Amino acid sequence: MIFMRTDTHEFIDDLLDDLRPTRPLMLQRSLLIAAGSAALAIGVMALFIGIRPALTAGILDLLFLLASGLFLMLGIAASFTVIDMSRPQVGNTHIGWMWAVAMTALLPLTAIVLGFSQAGNAFLQSQPVQGLNCLTNGSMLGLIVGGALTMWLRRGAPTSPGQAGLLTGIAAGSLGIFAYSLHCPFGDIYHIGLWHSMTVAVSAIAGRVIVPALIRW
Amino acid sequence: MIADDATMARLMALSQTGDRQAYATLLAECQRWLQRFYARRIVQHQIDDLVQDTLLSLHRKLASYDPDRPFLPWLAAIARYRWVDHLRKVYKFDETALEEGFAAENPEPAISARISLDRMFSYLPPAQARAIELVKIEGLTIAEASQACGQSESLVKVNIHRGLKKLATMIEKE
């Protein structure tokens, strides 16, 4: 699709010749795609890694429920914002996700505060070897969500590619680690607060660096 | 007389289905609307190029318009994005002639005020807005702008850089 710079009437004629029916980026369809990609990430995790037995047996603990819920809500909030950013409009505001980030940040903050106040070795208590697994696998699962959102943004017209990239990374990391937390057997605040949160942070940085170049228009 | 938002929204919805006649009318209306939108915020002889760039973006991003939402705020977001992009690329031009105002000729002044380029400028610190106006819109050199506004040359450059960066974050701000 190459349009020669010419007088405006000829230019408009060129655009008319190129017109094809287009499906608008409707909110409902985009939410379905985001939810579908998150479900796919969970499915891939369940198929290749496996849901931990305690969870399938219905044994739940408080911190797992709280932390997973926070990551899920952060993922939903960030995904919703990304979807909204693909459909620009003067008057849009994209600030709701910041509250979700602030709430989820309570997890690493709690781990750090407890680590200092108890004078214990929080890093060792966080199970660093398993933590690296969580970071790696959570990020890989997040690629499914991140890829779907990036494809969506490429069809849309995000006016802040940098912020859209950052939020794509946050959504990918949050939903990726949510999926992996269904496998991860470590449910203490140090492990979740440091390693699961780090997955979101690393994905956010990757999204901020990589995605803008893919969605700029 | 430019069509109102509801008419343009209907034309856009038809265009998304592939209706060439509706699209032709819409593009003509958008071209006229954009000519006025960019007036006074870009050197006159660059307006046609910027309007074409914006129409091309509209064409490529047809899918990003949601027919359930108003049309002009969508078009304005596309136009602002292209305008900020243009300001980053623009270089010195001799002509500085400016067109008459946009709001006064627009049939929906309340909407136009909220989505206008002037609105974006109003969020910038005066020194940054002045530096951008003088160099990027009126086409003065850094030295000429420095003399005109009383800022040092390095401060003019810093204000342009910071101002453009800030404008890029306010594309959808009302």
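Residues numbered from 1 in each chain as written. Chains lettered and ligands numbered in written order. Predicted model: local features only at pLDDT ≥ 70, side-chain atom pairs only at ≥ 80, totals over all residues. Heavy atoms only, no water.

## Structural notes on the interface of chain A and chain B
As a measure of interface size, the accessible area lost when the parts come together is often cited.
1) Next: Listed by partner, the interface residues are 38 residues for chain A and 44 residues for chain B.
2) Next: For the pair chain A and chain B, the two sides together bury roughly 3600 Å², of which 58% comes from carbon and sulfur.
3) Next: Of all residues in chain A, Leu-19, Val-90 and Trp-217 of chain A bury the most surface against chain B, accounting for 22% of the area lost on that side.
4) Next: Counting across the chain A and chain B interface gives three salt bridges.
5) Next: Residue Arg-87 of chain A is joined to Asp-66 of chain B by a salt bridge in which the shortest nitrogen-to-oxygen separation is 2.5 Å. (Contact = heavy atoms within 4.5 Å. Buried area = accessible area lost by both parts, 1.4 Å probe. Salt bridge = Lys/Arg side-chain N within 4 Å of Asp/Glu carboxyl O.)

## Some points on the nonpolar core
1) Next: Ranked by internal contacts, the top residues of the largest apolar core, which has 62 residues, are Tyr-23, Tyr-38, Leu-55, Phe-71, Leu-75, Trp-83 and Leu-167 of chain B.
2) Next: At eleven residues, the largest contribution of residues to this core is made by helix H4 (residues 72-89) of chain B.
3) Next: In this view, Tyr-38 of chain B contacts Ile-47, Leu-50, Val-51, Thr-54, Ala-79, Arg-82, Trp-83 and Leu-117 of chain B; residues no more than four positions away in its chain are not counted.
4) Next: The next biggest cluster of nonpolar side chains, apart from the first, holds 44 residues, and it includes Ile-83, Trp-97 and Leu-149 of chain A together with Ala-63 of chain B. (Core = buried A, V, L, I, M, F, W, Y, C linked by side-chain atoms within 4.5 Å. Buried < 20%, exposed > 50% of the residue type's maximum accessible area, 1.4 Å probe, protein only. Helix = DSSP H or I, 4+ residues; strand = E, 2+ residues; numbered from the N terminus.)

## A few points about the packing of aromatic side chains
1) Next: Taken as a whole and judged by the stated rule, the model has seven aromatic pairs over all chains.
2) Next: Judged by centre distance (5.6 Å) and plane angle (45°), the ring pair of Phe-71 of chain B and Trp-74 of chain B falls under tilted. No difference in accessibility class separates Phe-71 of chain B from Trp-74 of chain B, as the two residues are buried.
3) Next: Ring-pair connections join several aromatic residues into one group, and the members of that group are Trp-33, Phe-37 and Tyr-38 of chain B.
4) Next: The ring of Phe-64 of chain A carries the charged tip of Arg-52 of chain A above its face, separated from the ring centre by 4.5 Å.
5) Next: Looking at Lys-173 of chain B, its charged tip hangs above the ring of Tyr-123 of chain B, at a distance of 4.7 Å from the centre. (Phe/Tyr/Trp six-rings, centres within 6.5 Å; stacked < 30°, edge-to-face > 60°. Lys NZ or Arg CZ within 6 Å of the ring centre and 35° of its normal.)

## Looking at the packing of helix H3 (residues 47-60) of chain B against H4 of chain B
The relative placement of two packed helices is expressed as an angle between their axes plus a distance between the axes.
Residue and element names in this part refer to chain B.
1) Next: One way to put it is that H3 packs onto H4 with a least axis distance of 9 Å and a crossing angle of 130°. In terms of orientation, H3 and H4 fall into the oblique class. Of the two possible hands of crossing, H3 and H4 adopt the one that is right-handed. Along its contact with H3, which presents Leu-50, Asp-53, Thr-54, Ser-57 and Leu-58, the element H4 presents Trp-74, Leu-75, Ile-78, Ala-79, Arg-82, Trp-83 and His-86.
2) Next: Here the residues of the contact of H3 with H4 sort into seven nonpolar, three polar and two charged. (Axes fitted to C-alpha atoms, helices over the stretch in contact; angles between N-to-C directions. Parallel < 35°, antiparallel > 145°, perpendicular 65-115°, else oblique. Left-handed = near helix turned anticlockwise from the far one by under 90°. Nonpolar A, V, L, I, M, F, W, Y, C, P; charged D, E, K, R; others polar.)

## Topic: the confidence of the model for chain B
Residue and element names in this part refer to chain B.
1) Next: This prediction gives chain B a mean pLDDT of 85; 84% of its residues lie at or above 70.
2) Next: Confidence scores differ between elements of chain B, with helix H5 (residues 109-115) showing the lowest mean pLDDT of 64 and helix H1 (residues 5-16) the highest of 95.
3) Next: Below a pLDDT of 50 lies the segment residues 92-104, which in the model reaches 29 contacts outside its immediate sequence neighbourhood of four places, other chains included.
4) Next: For this predicted complex, the interface confidence reaches an ipTM of 0.86, while the overall pTM sits at 0.88. (pLDDT = per-residue confidence, 0-100.)

## What to know about the side chain of Ser-181 of chain A
Residue and element names in this part refer to chain A.
1) Next: Mapping Ser-181 onto the fold places it in helix H9 (residues 161-181).
2) Next: For Ser-181, a relative accessible area of 5% translates into the label buried.
3) Next: Discounting chain neighbours no more than four positions away, the residues touching Ser-181 are Arg-52, Phe-64, Ser-68 and His-196.

## A word on the layout of surface pockets
1) Next: In this model, the largest pocket occupies a volume close to 600 Å³.
2) Next: Lining the largest pocket are 26 residues, with Thr-159 and Ser-160 of chain A together with Ala-168, Thr-169 and Met-170 of chain B positioned closest to its centre.
3) Next: Where the lining of the largest pocket is concerned, the elements lending two or more residues are H9 of chain A together with H4 and helix H9 (153-168) of chain B.
4) Next: When residues in the lining of the largest pocket are grouped by element, the largest group, five residues, is from H4 of chain B.
5) Next: Class assignment of the residues belonging to the lining of the largest pocket gives a composition of eight nonpolar, nine polar and nine charged. (1 Å grid on protein atoms, 1.4 Å probe; cavity = no way out; pocket = protein on both sides within 12 Å on 5 of 7 lines; lining within 4 Å. Points joined across faces, edges and corners; volume = space filled by probe spheres on them.)

## A short note on the environment of Ser-68 of chain A
1) Next: Within the fold, Ser-68 of chain A resides in helix H4 (residues 62-85).
2) Next: In contact with Ser-68 of chain A, other than residues within four places in its own chain, are Leu-63, Phe-178 and Ser-181 of chain A.

## Let's talk about a nonpolar patch on the surface
All names here are of chain A.
1) Next: A cluster of nonpolar side chains, namely Trp-99, Met-103, Leu-106 and Leu-109, defines an oily patch on the protein surface of about 480 Å² accessible area.
2) Next: Contributing elements (two or more residues each) for the nonpolar patch: helix H5 (96-104) and helix H6 (106-117).
3) Next: Structurally, the position occupied by Leu-106 is in helix H6. (Patch = residues over 30% accessible without salt bridge, like charges linked within 9 Å, V, L, I, M, F, W, Y side chains within 5 Å. Areas by Shrake-Rupley, 256 points an atom, 1.4 Å probe, with all protein chains shown as cover.)

## Regarding the environment of Phe-64 of chain A
All names here are of chain A.
1) Next: In this fold, Phe-64 is placed in helix H4.
2) Next: Separated by 118 residues in the primary sequence, Phe-64 and Leu-182 place their C-alpha atoms 9.0 Å from one another.
3) Next: Ignoring sequence-local partners within four residues, the contact set of Phe-64 consists of Arg-52, Leu-55, Gly-69, Ser-181 and Leu-182.

## Quick look at the pattern of salt bridges
1) Next: On inspection of all chains with the given rule, the structure shows nine salt bridges over all chains.
2) Next: We note a salt bridge from Arg-20 of chain B to Asp-17 of chain A, for which the minimum N-O separation is 3.4 Å. Here Asp-17 of chain A lies in helix H1 (residues 8-17) and Arg-20 of chain B lies in helix H2 (residues 20-38), a pairing that spans two chains.
3) Next: Using a relative accessible area of 44% as the deciding quantity, one classes Arg-20 of chain B as partly exposed.
4) Next: With a closest N to O distance of 3.9 Å, Arg-87 of chain A and Asp-84 of chain A form a salt bridge.
5) Next: The class for Asp-84 of chain A is buried, based on a relative accessible area of 14%.
6) Next: One salt-bridge network, held together by shared partners, links Asp-84 and Arg-87 of chain A together with Asp-66 and Arg-69 of chain B.

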